[in-house]
Amino acid sequence: MAEDDAADAPTEQRQPQDTRAGFVALIGVPNAGKSTLLNALVGAKVSIVSRKVQTTRALVRGIVMEGAAQIILVDTPGIFAPKRRLDRAMVHSAWSGAADADAVCLLVDARKGMDEEVETIIRRLPEVKRPKILILNKIDLIPRERLLELAAKLNAEVPFEDTFMISALKGDGIERLREALAQRMPPSPWLYPEDQVSDAPLRMLAAEITREKIYDRLHEELPYRSTVETDQWQVRPDGSVRIEQTIFVERESQRSIVLGKNGQTIKAIGQAARIEICEAAEAKVHLFLHVKVRENWADDPARYREMGLEFPTG
Ligand SMILES: Nc1nc2c(ncn2[C@@H]2O[C@H](COP(=O)(O)OP(=O)(O)OP(=O)(O)O)[C@@H](O)[C@H]2O)c(=O)[nH]1
Ligand SMILES: [Mg+2]
């Protein structure tokens, strides 16, 4: 090997010794706070959050550095009883995220406790032959006695290796959890550059941000009947970015709701999305949103590919 090659050595060779790296999956019922926790652990907004259930639709990876350890956190869609094809793809992707991880964290909304939905996950958990960790989230909402009771009840059902009580929203217990997860990472070179917080391309994140604004502003079935894709991402000579996105809905009546009276709703969605996309892209952004009616988008494999989901046949 020529001596010059040393300058081009792969990044692993420049890493400190004793590095560790691995995957930690966050699973739980919809709305347990998985995406909020991912963002809190990463320290940046990587995954979208809303008050509504079924916000996350595909695996979202966030990268955390803790000392010599790199933790690749995998946010997953909430696990629920699927009805539609899209539901099935989401739930399938959640379990697949767990199957591949070095550790699986079950996140439970402490205020809701152990309901039927959590029970359903617990029944299937033995299939996942991975170290399991229990995380009780939203501890800001309930008294401590009830927490201990809930932790005991869940630990009686599943052999969790560890239990944490946190508030992902307020940041309580996050530091300790991050350190504990780092300890569990196996020896390995880092898998991503150490300053990277996500593996998702910006155009994907931008589509997700717009979808989050739809979840914030539209209600009932609409968020679940729509999807967003980034069609164009054009960097202009002045460094600003021109972005075009399409919001797919299933009916003309839904299109009217997304547009709103005099286009007010789409304007508000666009404004809110643009501000956040600017931050993510670190550039001035011109955002153009189009709304298209595609009756069967939820049965179209191309839409699943864009979302990063497997298309369930049958
Ligand atoms: N009070 C309180 N609210 C929280 C906490 N963590 C998350 N939330 C709220 O719970 C709601 C759901 O949070 P998400 O992070 O979107 O939940 P998720 O588990 O990712 O939901 P899905 O993607 O639908 O599966 C949001 O309104 C959050 O602000 C917490 O520690 N305390
Ligand atoms: Mg989520």
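The structure we're discussing is the one just above.
Structural notes, computed from the coordinates. It should be emphasised that the depicted structure is a prediction, and the values quoted were computed from it without experimental measurement.

1. Observations concerning the pairing of strand β1 (residues 20–28)
And step 1. In terms of residue burial, β1 counts as a mostly covered element, since 7 of its 9 residues are buried.
And step 2. Of the strand pairs in this sheet, β1 and strand β3 (residues 69–75) are connected by 7 bridges, and their pairing is parallel. In the strand pairing of β3, A25 is matched with V74.
And step 3. Of the pairings in the sheet, the one linking β1 to strand β4 (residues 103–109) comprises 5 bridges and is parallel in character. Considered in β4, the bridge of L26 is made with C105.

2. Describing unusual backbone geometry
Keep in mind that most residues, glycine aside, have a negative phi and that most peptide bonds are trans.
And step 1. Even without being a glycine, E220 presents a positive backbone phi close to 55°.
And step 2. Relative to the helices and strands, E220 is located in the loop between α7 (202–217) and β7 (227–235).
And step 3. Residues other than glycine seldom take positive phi values, yet E282 does so here, at roughly 50°.
And step 4. Its place among the elements puts E282 in the loop between α9 (264–281) and β9 (285–293).

3. Re the site of ligand 1
And step 1. Taken together, 22 residues surround ligand 1, and among them G33, K34, T36, Q54 and T55 come closest.
And step 2. Between ligand 1 and T36 there is a distance of 2.5 Å, counted from an oxygen atom to a side-chain nitrogen or oxygen.
And step 3. Here a nitrogen atom of ligand 1 and a side-chain polar atom of D140 are 2.8 Å apart.
And step 4. With 3 residues, the single largest contributor to the shell around ligand 1 is helix α2 (residues 34–42).
And step 5. Considered class by class, the residues forming the shell around ligand 1 number 7 nonpolar, 11 polar and 4 charged.

4. Looking at the packing of α7 against α9
And step 1. At a minimum axis distance of 9 Å, the contact between α7 and α9 shows a crossing angle of 145°. Judged by the twist between their axes, the crossing of α7 over α9 is right-handed. Note on element contacts: α9 touches α7 through A268, I269, A272, A273, E276, I277, A280 and A281, opposite L202, L205, A206, I209, T210, E212, K213, I214 and R217.
And step 2. The residue inventory of the contact of α7 with α9, partitioned by class, reads 12 nonpolar, 1 polar and 4 charged.

5. Notes on α9
And step 1. The terminal C-alpha atoms of α9, which comprises 18 residues, lie 25 Å apart, in line with the 26 Å expected from a rise of 1.5 Å per residue.
And step 2. Those residues of α9 that fall on the buried side of the exposure criterion are T265, I266, I269, G270, A272, A273, E276, I277, C278 and A281.
And step 3. The secondary structure elements touched by the buried residues of α9 are α7, β7, β8 (241–249), α8 (252–259) and β9.
And step 4. The positive-phi residue at the C-terminal boundary of α9 is E282, with phi of around 50°.

6. Observations regarding the sheet that holds β4
For sheets, the rule is that strands pair by backbone hydrogen bonds, running either parallel or antiparallel.
And step 1. As summarised here, the arrangement of the 6 strands in space is β2-β3-β1-β4-β5-β6, forming an open sheet in which the pairing is mixed. Two strands lie at the open edges of the sheet, namely β2 (60–66) and β6 (162–165), each paired on one side alone. Strand-to-strand twist across the sheet, computed as the mean angle between neighbouring axes with direction ignored, equals 25°.
And step 2. Direction of pairing for strand β5 (residues 132–137) relative to β6: parallel, over a ladder of 4 bridges. Bridge pairing links I133 to D162 in β6.
And step 3. Most of the contacts of helix α3 (residues 85–99) go to β1, to which it runs at about 145°, and overall it touches β1 and β4.
And step 4. Of the strands in this sheet, β4, β5 and β6 are in contact with helix α5 (residues 144–157), which crosses β5 at around 155°.

What counts, and where the lines are drawn
Residues numbered from 1 in each chain as written. Chains lettered and ligands numbered in written order. Predicted model: local features only at pLDDT ≥ 70, side-chain atom pairs only at ≥ 80, totals over all residues. Heavy atoms only, no water. Buried < 20%, exposed > 50% of the residue type's maximum accessible area, 1.4 Å probe, protein only. Helix = DSSP H or I, 4+ residues; strand = E, 2+ residues; numbered from the N terminus. Pairing = 2+ DSSP bridges. Near = heavy atom within 4 Å. Polar contact = N/O pair within 3.5 Å; in protein donor to acceptor, adjacent residues only side chain to side chain. Nonpolar A, V, L, I, M, F, W, Y, C, P; charged D, E, K, R; others polar. Axes fitted to C-alpha atoms, helices over the stretch in contact; angles between N-to-C directions. Left-handed = near helix turned anticlockwise from the far one by under 90°. Contact = heavy atoms within 4.5 Å. Expected span 1.5 Å × (residues − 1).

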